[in-house]
Amino acid sequence: MREGGHPGQTAAYPAQECPTGPRDGAVRPLLRPTAVRWIGRKITTREPIIQEPERPEPEGFEPEATRRDAGVAESSRANRGWWDRNADEYQVEHGTFLGDDRFVWGPEGLDEVEAELLGPPEDLKGKDVLEIGAGAAQCARWLAAQGARPVALDLSHRQLQHALRIGGSFPLVCADAGALPFADGSFDLACSAYGALPFVADPRLVLREVRRVLRPGGRFVFSVTHPIRWAFPDEPGPEGLSVSASYFDRTPYVEQDEEGRAVYVEHHRTLGDRVRDIVASGLRLVDLVEPEWPAWNSSEWGGWSPLRGGLIQGTAIFVCERD
């Protein structure tokens, strides 16, 4: 789960156009942006686990925020670069809330221990689970503690370096959520806490890939910023309670540099769009969860706050199954 730049948004993990290996059942990390080798069920690098991010932004650089079209390739390149540059700051700012081995669905703090959206914890033992947009793999680490066999996938190499820093014996894979490098029917479950879907220009690419790698009867649960938040400013105080934009405006939010190149992109889908995307991708929607803000959570996260959380939805969680 990641904090984003769009008014009302917590950013997620985008898909990226990367070459993928053959889908023969082997789980392979991709060889970009730096050389990564698979050894047993661990990933090692030929570089320090934490290093300076590539392509640093110039000192004092402030991107221009706008609304304009952005396709699959541009969105992918921009968001991969953004997370490679900002992963360190994100982990410092939000690592305490997320924990090292906690499964949180959103800024409200809904925990999988209580929600059981993937099923009762005791039923996770021995299940093959794919986490999409894993970041530092906190959710995958929790799944492994329940006896599951998780694979943590993320577009950002830098975020996966933080997963290595924290530790764990499960695989880490740097790959495109729209072109998963796994054989058909490889997983019993898949999950994504603010991962991939808000950032891809065509979310059906991701949903179809997830369906492909799920076994019959498999479940996919993903959380995103609630679509209604796109109509409100990204402010935690009273100023964030007045509608300032059309809910139906699907023009992407883009941050771009002086030459007009996107450095960050998010895509808006209405609630109806999300449902239609799920159905068109061959999945069945079995539940839609809108977490309420709990009394214990006094923290602010971007535009999320107790004030706003007590009045309007912040997160939408879609529970889907493959028949």
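Residues numbered from 1 in each chain as written. Predicted model: local features only at pLDDT ≥ 70, side-chain atom pairs only at ≥ 80, totals over all residues. Heavy atoms only, no water.

Before going further, it helps to spend a moment on the sheet that holds strand β9 (residues 253-256). With antiparallel pairing, the 3 strands of this open sheet are ordered in space as β3-β9-β10. Both edges of this open sheet fall to β3 (64-67) and β10 (262-266), since each of them pairs with a single strand only. Adjacent strand axes in the sheet meet at a mean angle of 20 degrees when their direction is disregarded. Bridge analysis of β9 against β10 gives 4 bridges, and the strand direction is antiparallel. Each bridged residue has a counterpart across the sheet, and for Glu-255 the counterpart in β10 is Tyr-264. Here helix α1 (residues 72-98) sits on the sheet and contacts β9 and β10; the angle it forms with β10, its principal contact strand, is near 105 degrees. (Pairing = 2+ DSSP bridges. Helix = DSSP H or I, 4+ residues; strand = E, 2+ residues; numbered from the N terminus. Axes fitted to C-alpha atoms, helices over the stretch in contact; angles between N-to-C directions. Contact = heavy atoms within 4.5 Å.)

Where α1 contacts helix α4 (residues 157-166), the axes come no closer than 7 Å and their chain directions differ by 40 degrees. Contacts between α1 and α4 involve Trp-83, Asp-84, Ala-87, Asp-88, Tyr-90 and Gln-91 from the former and His-157, Arg-158, Gln-159, His-162 and Arg-165 from the latter. In terms of residue class, the contact of α1 with α4 is made up of 3 nonpolar, 4 polar and 4 charged. (Nonpolar A, V, L, I, M, F, W, Y, C, P; charged D, E, K, R; others polar.)

Now for the packing of aromatic side chains. Tallied over the entire structure, the rule returns 14 aromatic pairs. An angle of 75 degrees between the planes, with centres 4.6 Å apart, marks the rings of Trp-82 and Trp-83 as edge-to-face. Taken together, the ring pairs in this structure connect Trp-82, Trp-83, Tyr-90, Phe-97, Phe-199, Tyr-253, Tyr-264 and Trp-301 into an aromatic cluster. Over the ring of Trp-304 we find Arg-229, and its NZ or CZ is 5.1 Å from the ring centre. (Phe/Tyr/Trp six-rings, centres within 6.5 Å; stacked < 30°, edge-to-face > 60°. Lys NZ or Arg CZ within 6 Å of the ring centre and 35° of its normal.)

This next bit is on the environment of Leu-98. Mapped onto the fold, Leu-98 is located in helix α1. The spacing of Leu-98 and Cys-139 is 41 residues in sequence and 9.0 Å in space, taken between C-alpha atoms.

As a further point, take the pairing of β9. Of the two faces of β9, the one holding Tyr-253 and Glu-255 and the one holding Val-254 and Gln-256 are both buried throughout. Across 4 bridges, β3 lies against β9 in antiparallel orientation. The partner of Glu-64 across the bridge, within β9, is Gln-256. The turn joining β9 and β10, which pair antiparallel and follow one another in sequence, is formed by 5 residues; a positive phi near 80 degrees is taken by Gly-260. (Buried < 20%, exposed > 50% of the residue type's maximum accessible area, 1.4 Å probe, protein only.)

This brings us to the pattern of salt bridges. Scanning the model with the defined rule gives 18 salt bridges in all. A salt bridge links Arg-158 to Asp-88; the nearest nitrogen and oxygen atoms lie 2.3 Å apart. You can see Arg-158 sitting in helix α4 and its partner Asp-88 sitting in helix α1, a full 70 residues away along the chain. Among the ionic contacts, a cluster of salt bridges with common partners joins Asp-128, Arg-149, Asp-188 and Arg-215. (Salt bridge = Lys/Arg side-chain N within 4 Å of Asp/Glu carboxyl O.)

Quick look at the nonpolar core now. Grouped together as the largest cluster of nonpolar side chains are 27 residues, with contacts concentrated most on Leu-130, Ile-132, Leu-153, Phe-182, Val-210, Phe-220 and Phe-222. Residues within four places of Leu-153 in sequence aside, it is in contact with Leu-130, Glu-131, Ile-132, Gly-133, Ala-134, Val-173, Ala-175, Leu-180, Pro-181 and Phe-182. Among the nonpolar cores identified, the runner-up in size contains 17 residues, and Trp-105, Leu-117, Cys-139 and Val-319 belong to it. (Core = buried A, V, L, I, M, F, W, Y, C linked by side-chain atoms within 4.5 Å.)

Moving on to helix α5 (residues 203-213). Note that an α-helix has 3.6 residues per turn; residues three or four places apart therefore point the same way. Looking at α5, one finds that the buried residues are Pro-203, Val-206, Leu-207, Glu-209, Val-210, Arg-212 and Val-213. The secondary structure elements touched by the buried residues of α5 are β4 (128-132), β7 (187-193), β8 (214-225) and α6 (271-280).

Here we take up the packing of α5 against α6. α6 packs onto α5 with a crossing angle of 40 degrees between their chain directions and a minimal axis gap of 9 Å. Relative to α6, α5 is oriented oblique. Crossing of α5 over α6 shows right-handed handedness. Within the contact between the two elements, α5 uses Pro-203, Arg-204, Leu-207 and Arg-208 and α6 uses Arg-274, Arg-276, Asp-277, Ile-278 and Ala-280. Here the contact of α5 with α6 is built from residues that sort into 4 nonpolar, no polar and 5 charged. (Parallel < 35°, antiparallel > 145°, perpendicular 65-115°, else oblique. Left-handed = near helix turned anticlockwise from the far one by under 90°.)

Within a sheet, each strand pairs with its neighbour through backbone hydrogen bonds, oriented either parallel or antiparallel. Ordered by their spatial adjacency, 7 strands build an open sheet running β6-β5-β4-β7-β8-β12-β11, and the pairing between neighbours is mixed. Only two strands of the sheet have a single partner each, and these edge strands are β6 (172-174) and β11 (284-289). Taken pair by pair, the neighbouring strands of this sheet meet at an average axis angle of 20 degrees, ignoring direction. Relative to strand β12 (residues 315-321), β11 runs antiparallel, the two sharing 5 bridges. Considered in β12, the bridge of Asp-287 is made with Val-319. The strands touched by α5 within the sheet are β4, β7 and β8, with β8 carrying the most contacts at an inclination of about 145 degrees.

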